[in-house]
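Chain by chain, the residues:
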Amino acid sequence: MPDIFVAKPETEKQKLEKRKESLKKELDEILAAGSRLFSAFVPKPRNLRFETQEKKEKIVLLLRRHPITNVPWILLVILLAFAPFFIKALVSLDFIPGNYQFILFLCWYLFTFAFAFEKFLTWFFNVSILTDERVIDIDFPTLLYRDITEAKIDRIQDVNIKTGGYVRSLFNFGDVLIQTAGAVPEICFEAVPDPQRVSQVINQLLYEEEQEKLEGRVK
Amino acid sequence: MTPAEKFIQFLVEAIPKFSILSLIKIFFVIGLFLYLAFAVIIIRQVGLMGKTLDGEFNLPLKFIAWVHLIISLGVFLLAIFIL
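Residues numbered from 1 in each chain as written. Chains lettered and ligands numbered in written order. Predicted model: local features only at pLDDT ≥ 70, side-chain atom pairs only at ≥ 80, totals over all residues. Heavy atoms only, no water.

A. Quick look at the overall build of chain B. Within chain B, the regular secondary structure consists of three helices and one strand. Along chain B, from the amino end to the carboxyl end, the secondary structure elements read α-α-β-α. Over its C-alpha atoms chain B spans a radius of gyration of 22 Å, topping by over 25% the 12 Å that the globule rule assigns to 83 residues. If you line up chain B on its principal axes, its C-alpha atoms span 75 × 25 × 10 Å. Every one of the 83 residues in chain B was classed for burial, and the buried ones make up 30%. Sequence-distant contacts in chain B: of pairs separated by 6 or more residues, those separated by 24 or more amount to 69%. Summing over all exposed atoms, chain B offers an accessible surface of approximately 5,400 Å²; the carbon and sulfur share of this is 79%. Positive and negative side-chain charges of chain B, numbering 6 and 4 respectively, have mean locations separated by a distance of 5 Å. (Helix = DSSP H or I, 4+ residues; strand = E, 2+ residues; numbered from the N terminus. Rg over C-alpha atoms; globule rule 2.2 N^0.38 Å. Buried < 20%, exposed > 50% of the residue type's maximum accessible area, 1.4 Å probe, protein only. Contact = heavy atoms within 4.5 Å. Areas by Shrake-Rupley, 256 points an atom, 1.4 Å probe, with all protein chains shown as cover. Lys, Arg positive; Asp, Glu negative; His and termini not counted. Charge placed at Lys NZ, Arg CZ, Asp CG, Glu CD.)

If you want it as structure tokens, here you go:
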């Protein structure tokens, strides 16, 4: 029986285009949810650039430590803020002259503020970034010292997720360990939210990179 | 009276005039001066962090760091004058 309609076989280029489209769709789905500014999981952040970013390089995902990791120092700051009132209620400070008490009070709040500000800065700027070309981990371990680790996406060999413990399970955060074939053998995204989704994004980026290699348009 | 004896007598006479509160004031002033240096370092740090990761929130952070430095300077001067 003769065929009424015979579909043209898909060319290699069309197949690649289709695959590329589906990859883009999958990545968009994974990155669909997410908020801005003070969020720890920021997909495709707007108005944000990092120092070594290249002109055509796009940030796919920005990660910080899960906000729950800030709870211990926030509690400490609250305790420090109320401490002078407790001390005044419990101990008589009449033996200290008024002007000395006043300066002591100001110094106490200056130190408390500096401590809180430092902690916030450390949380806000210690970020892990996934771009369409690289993975970057930016750390500020101490004052005026920074540590930037990066690896090309195509150098990634393995991605491991480390979760466990009550708090981590409850709030769904953990470490993402990325083994690379580069100069730095391992990059660690510490205590990031939704590590499963992060791993998925890295895998999608890896597929995309492989796809680009197949098409011969590697940057 | 030998020079050593003279020196000891000078110390014995001078120490009561030098009250414990004056010593505390010196500690306060030195401490606040070091804190002032720390406040300057915070400004440098915010600058370095902002250069590394340039976003919308950098300007308010720089503003906070500068306000912190001004307040630190105010407390330092206050300590010199009112203590």
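B. Fine view of the nonpolar core. Membership of the largest hydrophobic core comes to 42 residues, with the highest contact counts inside it found for Phe125(A), Ile129(A), Leu32(B), Leu53(B) and Leu61(B). Those elements giving two or more residues to this core turn out to be β3 (59-63), α2 (71-90), α3 (98-125), β4 (127-131) and β5 (134-142) of chain A together with α2 (20-52) and α3 (58-82) of chain B. Here this core takes twelve residues from α3(A), the largest share from any one element. In this view, Phe125(A) contacts Ile138(A), Phe140(A), Met49(B), Gly50(B), Leu53(B), Asn58(B) and Leu61(B); residues no more than four positions away in its chain are not counted. The next biggest cluster of nonpolar side chains, apart from the first, holds 20 residues, and it includes Ile156(A), Val159(A), Val176(A) and Ile187(A). (Core = buried A, V, L, I, M, F, W, Y, C linked by side-chain atoms within 4.5 Å.)

C. Spatial organisation of the pattern of salt bridges. Within this structure, the stated rule accounts for seven salt bridges over all chains. Between Arg146(A) and Glu51(A) there is a salt bridge, with its nearest N and O atoms 2.5 Å apart. With Arg146(A) in strand β6 (residues 145-152) and Glu51(A) in the loop between β2 (49-50) and β3, this residue pair connects regions lying 95 residues apart in the sequence. For the salt bridge of Arg134(A) with Glu150(A), the shortest nitrogen-to-oxygen distance reads 2.9 Å. Taken together, the residues Arg134(A) in strand β5 and Glu150(A) in strand β6 connect sequence positions 16 residues apart. For Glu150(A), a relative accessible area of 34% puts it in the partly exposed group. A cluster of three or more residues bridged by salt bridges with shared partners is formed by Glu51(A), Arg146(A) and Lys51(B). (Salt bridge = Lys/Arg side-chain N within 4 Å of Asp/Glu carboxyl O.)

D. Structural view of α2(B). Relative to the 48 Å expected for 33 residues at 1.5 Å per residue, α2(B) spans 47 Å between its end C-alpha atoms, a close match to the ideal helical length. Along α2(B), the residues that are buried comprise Phe28(B), Leu32(B), Tyr35(B), Leu36(B), Ala39(B), Ile42(B), Ile43(B), Gln45(B), Val46(B), Met49(B), Gly50(B) and Thr52(B). (Expected span 1.5 Å × (residues − 1).)

E. Structural view of the packing of α2(A) against α3(A). Residues and elements named next belong to chain A. Where α2 meets α3, the closest approach of the two axes is 9 Å, and the angle between their N-to-C directions is 175 degrees. Here α3 runs roughly antiparallel to α2, going by the angle between their axes. Across the interface between the two elements, Trp-73, Leu-76, Val-77, Leu-80, Ala-81, Ala-83, Pro-84, Phe-85 and Lys-88 from α2 touch Gln-101, Phe-105, Trp-108, Tyr-109, Thr-112, Phe-115, Ala-116, Lys-119 and Phe-120 from α3. (Axes fitted to C-alpha atoms, helices over the stretch in contact; angles between N-to-C directions. Parallel < 35°, antiparallel > 145°, perpendicular 65-115°, else oblique.)

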